[in-house]
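Examination of the molecular architecture
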Number of protein chains: 2
Amino acid sequence: MTDRFATPQDVEDTFYEAFEAHDLEAMMTVWADAEDIVCIQPMSPIFQGLADIRRIWGQVFSHDQRPEIMVHHRQWLENEGLAVHIVEEQISLPGIPQRPPPVIATNVYRREPDGWRMVLHHVSPPPPPRQPGLQPLQGI
Amino acid sequence: MTDRFATPQDVEDTFYEAFEAHDLEAMMTVWADAEDIVCIQPMSPIFQGLADIRRIWGQVFSHDQRPEIMVHHRQWLENEGLAVHIVEEQISLPGIPQRPPPVIATNVYRREPDGWRMVLHHVSPPPPPRQPGLQPLQGI
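Here's what I pulled together on the structure shown here. Every chain is numbered independently, its residues counted from 1 as its sequence is written. In the order they appear in the text, chains get letters beginning with A and ligands get numbers beginning with 1. Where local features are concerned, this predicted model is filtered to residues with pLDDT of at least 70; where side-chain atom pairs are given and counted, the filter is 80 or more; whole-chain, interface and lining totals use all residues. Excluded from the side-chain calculation are hydrogens and water; included are all heavy atoms of the structure.

A tally of helices and strands in chain A yields three helices and six strands. Counting only C-alpha atoms and orienting by the principal axes, one finds that chain A spans roughly 50 × 35 × 25 Å. Two residues form a contact once any of their heavy atoms are found within 4.5 Å. When contacts within chain A are restricted to residue pairs at least 6 apart in sequence, long-range pairs at least 24 apart make up 52% of them. Just so you know, the count uses Lys and Arg for positive and Asp and Glu for negative, and it drops His and the chain ends. By convention, charge coordinates are those of NZ in Lys, CZ in Arg, CG in Asp, or CD in Glu. One finds the centroid of the 10 positive side-chain charges in chain A at a distance of 5 Å from the centroid of its 20 negative side-chain charges. Numbering of helices and strands starts at the N terminus; helices are DSSP runs of H or I of at least 4 residues and strands are runs of E of at least 2.

Given below as structure tokens:
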């Protein structure tokens, strides 16, 4: 039997496909079956473990509008057991011509006994508009 | 010669000590000497590479107020070459009795030829006050 996800990128592709399709079962296949998995949404507390992560994605997917998501890789840090992908997500909603600025995500994947799985999705809100260059901000 | 930082936690301790002390040279010792290092501040674009990261910390440390930082570990994902620490940072400033809500950080460390170093510091702003439970937010 071959692994469900042979590479971190396979997991990432399925993650964003499930996100676009609002497919909760597909979304849950990408996460490791473990209690140490973590999802950090913009301006949100930490969600930890399979039950919380299923609950939050179920809430997201209960909305009618399915987004289109363009993913731009900014950096990869990988070894044989862990992979860290830093990406920008450009999210568009149908019927809304203006595209919001991209959000920044750190996605971490781990090699499990049956292939790679997601263990962390940490998303930051985008910079405010007309940002006046480098400014120190609370909590750097 | 022993490694400068024998464990990821050694790097993390020095990172927060340098942050509290506003010590730029100590701060730069924790980062890997590599162009793939990344720093993502709250509501900020991505800073990448040693020069940008030195510049942004220099700006932070140019302010008079040195913070006190309490770090609470939420999750560790580690193997022999990479370590991902998800933490809450409780930052206090002198003379300000109110403590802001903690920010959430993903810190990634990598085993380099001469010991562990930081390769990613990704900080999210805290949830807004009086958060009404789980709410789907843009860009999850």
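On to the relation of the copies chain A and chain B, then. Placing chain A over chain B gives an RMSD of 0.0 Å and needs a rotation angle of 180 degrees, together with 0.0 Å of translation along the axis. Overall, the copies show the geometry of a two-fold rotation axis. In terms of proximity to the rotation axis, the leading residue of chain A is Ser124(A), whose C-alpha is 2.7 Å off the axis. The copies were overlaid with a least-squares fit restricted to C-alpha atoms from residues scoring a pLDDT of at least 70 in each copy.

Attention now moves to the interface of chain A and chain B. The partner chain B presents 57 residues to the 57 residues of chain A that form the contact. Together, the buried faces of chain A and chain B total about 4800 Å²; carbon and sulfur atoms form 66% of this surface. Every case where a carboxyl oxygen of Asp or Glu lies within 4 Å of a side-chain nitrogen of Lys or Arg is listed as a salt bridge. Taken together, the connections running from chain A to chain B amount to zero salt bridges. Under this definition, polar contacts are N or O atom pairs within 3.5 Å; protein pairs additionally need one hydrogen-donor-capable and one acceptor-capable atom, and for neighbouring residues in sequence, both atoms have to be side-chain atoms. At the surface where chain A touches chain B, the tally comes to eight residue pairs in polar contact (both at pLDDT 80 or more). Throughout, the accessible surface (probe 1.4 Å) given up by two parts as they are put together, summed over both, is called the buried area.

Residue and element names in this part refer to chain B. In this fold, Tyr109 is placed in strand β5 (residues 103-112). Once the C-alpha coordinates of Tyr109 and Ile37 are considered, the two residues, 72 residues apart in sequence, prove to be 9.9 Å apart. Not counting residues within four places of it along the chain, the set of residues in contact with Tyr109 comprises Pro8, Val11, Glu12, Gly81, Leu82, Ala83, His85, Trp116, Arg117, Met118 and Val119. Side-chain polar atoms of Tyr109 contact the side chain of Glu12, separated by 2.4 Å.

Quick look at the pattern of salt bridges now. Enumeration according to the criterion identifies twelve salt bridges over all chains in this entry. The partner of Arg110(A) in a salt bridge is Glu112(A), and the shortest N-O contact between them spans 2.6 Å. We note that Arg110(A), like Glu112(A), is buried. With a closest N to O distance of 2.9 Å, Arg74(B) and Glu88(B) form a salt bridge. Within this pair, whereas Arg74(B) is found in strand β3 (residues 68-78), its partner Glu88(B) is found in strand β4 (residues 82-92), the two being separated by 14 residues in sequence. Residue classification places Arg74(B) among the partly exposed positions, given a relative accessible area of 27%. When a residue's accessible area, from a 1.4 Å probe over protein chains only, is under 20% of the maximum for its type it is buried; when over 50% it is exposed; and in between it is partly exposed. Glu88(B) sits in the buried class, given a relative accessible area of 19%. Counted as one network, the salt bridges with shared partners bring together Asp36(A), Arg110(A) and Glu112(A).

Residues and elements named next belong to chain B. What the six strands build is an open sheet, ordered β2-β1-β6-β5-β4-β3; its pairing is mixed. In this open sheet, the two edge strands, each paired with only one partner strand, are β2 (46-48) and β3. Within this sheet the neighbouring strands show an average axis-to-axis angle of 25 degrees, counted without direction. The pairing of strand β1 (residues 38-40) with strand β6 (residues 115-124) spans three bridges and is parallel. Paired with Ile40 across the bridge in β6 is His122. To get an axis, fit a line to the C-alpha atoms, keeping to the stretch in contact for a helix; angles then go from 0 to 180 degrees between the N-to-C directions. Relative to the sheet, helix α1 (residues 8-21) contacts β3, β4, β5 and β6, its axis offset from that of β3 by approximately 155 degrees. Across the sheet, helix α3 (residues 50-61) is in contact with β1, β2 and β6; its angle to β2 comes to roughly 120 degrees. Here, any two strands with at least 2 DSSP bridges between them count as paired.

With that out of the way, let us pick up helix α1 (residues 8-21) of chain A. Think of an α-helix as turning once every 3.6 residues; residues three or four places apart then point the same way. Residue and element names in this part refer to chain A. How far a helix is expected to stretch is found by multiplying one less than its residue total by 1.5 Å. The terminal C-alpha atoms of α1, which comprises 14 residues, lie 20 Å apart, in line with the 20 Å expected from a rise of 1.5 Å per residue. Listed as buried for α1 are Pro8, Gln9, Val11, Glu12, Thr14, Phe15, Tyr16, Ala18 and Phe19. On its buried face, α1 sits against α2 (24-30), α3 (50-61), β3 (68-78), β4 (82-92), β5 (103-112) and β6 (115-124). Just downstream of α1 lies His22, where phi reads positive at about 55 degrees.

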